[in-house]
Amino acid sequence: MPLAIEAKNLARTFPGASRPALDAVTLRVEEGERILLTGPSGSGKSTLLNLIGGLDRADSGLLHVNGVNFSKLGEAALAQIRGREVGVVVQHHFLPTGLTAEEAVAAPLLWIGNLSPGEALREAREHLSLLGLTKEEHRRPVQNLSGGQRQRVAFARAVAPGPTILLADEPTAQLDNATAQLLLDQIFDWSAGPGRTLILASHHHLDAWRDGRTISMRDGRLVTA
Ligand code: ADP
Ligand code: MG
């Protein structure tokens, strides 16, 4: 299997921090793998996902995503890949405000695709309908949706551009159990598609983790089993 993600001695220390948030992380993820990233709060899960998602840059080390050397990419090239090849499911309070649900999902389709606004909105509605949002909810401002609905918008926004890698950073953190399970089912369904790679960060124990590999972090390092 080709590698979706290959990280070698990846390190990141935030300015002013006394210890690295990420400390020489080496990781190989094959295409099609489903990874559960666990570890206590502050162990470096988000830092790692932000690097893989091209939202932040490592201080040192190597990072290849879908065979592309992220360590060498300029900002513009990174922005091209971000969103198109790597989808990031943000926690719903990071969704842009002032947009309706369908606009929030259509926006990345406009940035990276060759779609007209009408086409982008049509695609956005298809994704939202599949996730169970009604037509009325498509047109509602994101901030007027429930937490569970907003989290589905965040998921649709990440997968609509058709990425091969999906990164979900504690997407269920603020959802009740039933709503969380619904979203996890949708994320798992997505990951069952051909060649799709999923990394899901959670500090909760997931009973229903299916055919996946679990990677644990502590103090910025991967804990070897
Ligand atoms: P996790 O997602 O596992 O909770 P994080 O990756 O968010 O862990 O954090 C790892 C460490 O880096 C923590 O000590 C955290 O306080 C620190 N950290 C994370 N983001 C920043 C930032 N933007 N600036 C400074 N320190 C940060
Ligand atoms: Mg985190």
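Rules behind the numbers
- Residues numbered from 1 in each chain as written.
- Chains lettered and ligands numbered in written order.
- Predicted model: local features only at pLDDT ≥ 70, side-chain atom pairs only at ≥ 80, totals over all residues.
- Heavy atoms only, no water.
- Pairing = 2+ DSSP bridges.
- Helix = DSSP H or I, 4+ residues; strand = E, 2+ residues; numbered from the N terminus.
- Contact = heavy atoms within 4.5 Å.
- Axes fitted to C-alpha atoms, helices over the stretch in contact; angles between N-to-C directions.
- Parallel < 35°, antiparallel > 145°, perpendicular 65-115°, else oblique.
- Left-handed = near helix turned anticlockwise from the far one by under 90°.
- Nonpolar A, V, L, I, M, F, W, Y, C, P; charged D, E, K, R; others polar.
- Near = heavy atom within 4 Å.
- Polar contact = N/O pair within 3.5 Å; in protein donor to acceptor, adjacent residues only side chain to side chain.
- Areas by Shrake-Rupley, 256 points an atom, 1.4 Å probe, with all protein chains shown as cover.
- Buried < 20%, exposed > 50% of the residue type's maximum accessible area, 1.4 Å probe, protein only.
- Domains from an automatic or database assignment.
- Buried area = accessible area lost by both parts, 1.4 Å probe.
- Salt bridge = Lys/Arg side-chain N within 4 Å of Asp/Glu carboxyl O.

J.: What is the right way to read the sheet that holds strand 1 (residues 3–12) from this model?
T.: What links the strands of a sheet is backbone hydrogen bonding, and the strands pair in either a parallel or an antiparallel sense. Taken together, four strands build an open sheet; the order of strands is 2-1-4-5 and the sheet is antiparallel. The outermost strands of the open sheet, each flanked by one partner alone, are strand 2 (22–30) and strand 5 (68–69). Summarising the sheet, strand 1 and strand 2 pair through six bridges and their orientation is antiparallel. Directly across from E6, in strand 2, lies its bridge partner R28. Strands strand 1, strand 2 and strand 4 (60–65) of the sheet are contacted by helix 1 (residues 45–52), whose axis makes an angle of about 60° with strand 2.

J.: What am I meant to see in the packing of helix 3 (residues 101–112) against helix 4 (residues 117–130) here?
T.: What describes two packed helices is the angle between their axes and the distance between those same axes. Taken N-terminus to C-terminus, the directions of helix 3 and helix 4 make an angle of 125°; their axes are 8 Å apart at the nearest point. Taken together, the axes of helix 3 and helix 4 are oblique relative to one another. You can see that helix 3 and helix 4 cross each other, and the crossing is right-handed. Touching A101, E102, E103, V105, A106, L109 and L110 of helix 3 are P117, A120, L121, E123, A124, R125 and L128, all from helix 4. Classifying every residue of the contact of helix 3 with helix 4 gives 10 nonpolar, no polar and four charged.

J.: Got a minute to help me understand the site of ligand 1 in this structure?
T.: Around ligand 1, a shell composed of F14, R19, A21, P40, S41, G42, S43, G44, K45, S46 and T47 is seen. One nitrogen or oxygen atom from the side chain of T47 is found 2.6 Å from an oxygen atom belonging to ligand 1. For ligand 1, whose accessible area on its own is 560 Å², the fraction buried by protein is 58%. Classifying every residue of the shell around ligand 1 gives three nonpolar, six polar and two charged.

J.: Would you mind going over helix 1 with me for this structure?
T.: Counting along an α-helix, one turn takes 3.6 residues, and residues three or four places apart therefore face a common direction. Buried residues dominate helix 1, accounting for six of its eight residues. Every buried residue of helix 1 is listed here: K45, T47, L48, L49, L51 and I52.

J.: Could you clarify how one ought to interpret unusual backbone geometry in this entry?
T.: If a residue is not glycine, its phi is most likely negative; likewise, a peptide bond is most likely trans. Of note, the phi angle at N9 is positive, near 50°, even though the residue is not glycine. Looking at where N9 falls in the secondary structure, it is placed in strand 1. Phi is positive for A24, which is not a glycine, with a value near 55°. Its location among the elements puts A24 in strand 2.

J.: Please explain the domain arrangement of the protein chain as it appears in this structure.
T.: Interface size is often expressed as the accessible area that is lost when the parts come together. Examined at the domain level, the protein chain breaks down into domain 1 (3–85 + 164–224) and domain 2 (100–162). Each of domain 1 and domain 2 has a C-alpha centre, and the two are 23 Å apart. Of the residues lining the interface, 11 residues belong to domain 1; the matching set on domain 2 comes to 11 residues. For the domain 1 and domain 2 pair, buried surface summed over both sides reaches about 970 Å², with 69% attributable to carbon and sulfur atoms. Between domain 1 and domain 2 we count zero salt bridges in total. Across the contact surface, domain 1 and domain 2 share zero residue pairs in polar contact (both at pLDDT 80 or more). No other element matches helix 7 (residues 177–191), which puts five residues into the side of domain 1 that touches domain 2.

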